[in-house]
Amino acid sequence: MSVVKINVLTVPAEQRAVLEERFSARAGLVESSDGFEWFELLRPVEGTDDYFVYTRWRSEEDYQNWMNGPMRQGHQGGDGARPKPAATGSSLLSFEVVQHTAPKNA
């Protein structure tokens, strides 16, 4: 059963471009991780400063392996220093996928 992790990042308007650029710069890091199934960065449209970072994983173990390896490396600068966060807060939501529907082939 797949698991979904949604990292909710509170990002002030003046930091949105910084956050999106950082995600673009890290493109490819999560995609090669064992058990990775899907990623989406969701930008708020109105009424909130919260971005949703949606990832889906084959298992909780695969997610934890990524968290303790490639994710940590991706959040450090080239010299090992961690850049100032673009977000002012974050929380993690966890779900198990119990139903999934995809478009029918045309």
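One can find the structure itself at the top, above this paragraph.
Note that the structure is predicted; figures quoted are calculated from it, not measured.

**Considerations on the pattern of salt bridges**
Right, so step 1: Under the counting rule described, the total for this entry stands at six salt bridges.
Right, so step 2: Between Lys5 and Glu60 there is a salt bridge, with its nearest N and O atoms 2.8 Å apart. Placement of Lys5 in strand E1 (residues 3–10) and of Glu60 in helix H2 (residues 60–67) is noted, with a sequence separation of 55 residues between them.
Right, so step 3: The class for Glu60 is partly exposed, based on a relative accessible area of 34%.
Right, so step 4: Members of the salt-bridge network, linked through shared partners, are Asp34, Arg58 and Asp62.

**Thoughts on the sheet that holds strand E4 (residues 89–96)**
Right, so step 1: The four strands lie next to each other as E2-E3-E1-E4, forming an open sheet whose pairing is antiparallel. Two strands in the sheet have a free side with no partner beyond their single neighbour: strand E2 (36–42) and E4. Averaged over neighbouring strand pairs, the angle between their axes works out to 15° when direction is ignored.
Right, so step 2: Across six bridges, the pairing between E2 and strand E3 (residues 50–57) is antiparallel. Looking across to E3, one finds that Trp38 is bridged to Arg56.

About the cut-offs
- Residues numbered from 1 in each chain as written.
- Predicted model: local features only at pLDDT ≥ 70, side-chain atom pairs only at ≥ 80, totals over all residues.
- Heavy atoms only, no water.
- Salt bridge = Lys/Arg side-chain N within 4 Å of Asp/Glu carboxyl O.
- Helix = DSSP H or I, 4+ residues; strand = E, 2+ residues; numbered from the N terminus.
- Buried < 20%, exposed > 50% of the residue type's maximum accessible area, 1.4 Å probe, protein only.
- Pairing = 2+ DSSP bridges.
- Axes fitted to C-alpha atoms, helices over the stretch in contact; angles between N-to-C directions.

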